[in-house]
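Here are the chains, one letter per residue:
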Amino acid sequence: MKKRFYKVIILIFTAILIFGCATTEKRKTQKSLYSRIGGYDAVAAVVDNFLGRMASDQQLKRFFEGAEQDNLKRTRQLIVEFVCAATGGPCFYTGRDMKVTHKGLGITERDWNLAVKHFVATLNNFKVPDKEKNELVALVGSLKGSVVDSMID
Ligand code: HEM
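Residues numbered from 1 in each chain as written. Predicted model: local features only at pLDDT ≥ 70, side-chain atom pairs only at ≥ 80, totals over all residues.

## Here's the deal with the site of the ligand
Argument step 1. The environment of the ligand is formed by 20 residues, the closest being L78, F82, G95, R96 and A115.
Argument step 2. Listing elements by their share of the shell around the ligand, those giving two or more residues are α4 (69-86), α5 (98-102) and α6 (109-125).
Argument step 3. A breakdown of the residues in the shell around the ligand according to their chemical character gives 13 nonpolar, 5 polar and 2 charged. (Near = placed C-beta within 6 Å. Helix = DSSP H or I, 4+ residues; strand = E, 2+ residues; numbered from the N terminus. Nonpolar A, V, L, I, M, F, W, Y, C, P; charged D, E, K, R; others polar.)

## Structural notes on unusual backbone geometry
Argument step 1. Notably, K127 is not glycine yet its phi reads approximately 55 degrees, a positive angle.
Argument step 2. With respect to the helices, strands and loops of the structure, K127 is situated in the loop between α6 and α7 (130-141).
Argument step 3. With 7 C-beta atoms counted inside 10 Å, the residue K127 sits in the exposed group. (Buried ≥ 20, exposed ≤ 12 C-beta atoms within 10 Å, placed from the backbone.)

## As for α6
Argument step 1. With 17 residues, α6 extends 24 Å from end C-alpha to end C-alpha; this agrees with the ideal 24 Å at 1.5 Å per step.
Argument step 2. Restricting attention to buried positions, one finds in α6 the residues D111, A115, H118, F119, T122 and L123. Projected down its long axis, α6 carries its buried residues within an arc of 140 degrees, all on one side. Residues of α6 that are exposed and point over 90 degrees away from its buried face: E109, R110, N113, K117, A121 and N124.
Argument step 3. Residues of α6 that are buried in the fold lie against α3 (39-55) and α7.
Argument step 4. Looking at the residues trailing α6, positive phi occurs at K127, about 55 degrees. (Expected span 1.5 Å × (residues − 1). Arc of directions from axis to C-beta. Contact = placed C-beta atoms within 7 Å.)

By themselves, these observations are geometric and do not establish any function.
As structure tokens, then:
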């Protein structure tokens, strides 16, 4: 009876050990979104292309007109940092809170929809695969309430 009990205990421990190793292995092989899209240079290229499209859009260019080149460069760098950190990259975002940054800029729902359209066009331009594209669009989508003025409390 006692022998059987020990056998069952050993069996349970072995099962836990195997399950634990398999989970760790899976975690190790699951790459971050940041790595899957190609790392820092890819993030920077996506942000530059996206900002270029926004700045040349008839309706959206008003947000960037008149800004000093230094300021635009700073904002661009912060957005690269933000996306790098948000996708699991080795960056630390040093900018302001999204709500604080965008509050009062007067960004409307219509502006937002245009921006999302440009973002998708950018991802298509770089032929980002569907899985990663969906993850990136969901990530940006989650920021809507912090960017659209009427949604910021
Ligand atoms: C309709 C869409 C958007 C518009 C028109 C917009 C516009 C702007 C403008 C004008 C600034 C400069 C603000 C300032 O210097 O005071 C800014 C800053 C910033 N934006 Fe956006 N933005 C939009 C969406 C987004 C999205 C989707 C992200 C994230 C991926 C983002 C991330 C940032 C960051 C990180 C900064 C800099 C923060 C800082 O200055 O500390 N923005 N945005």
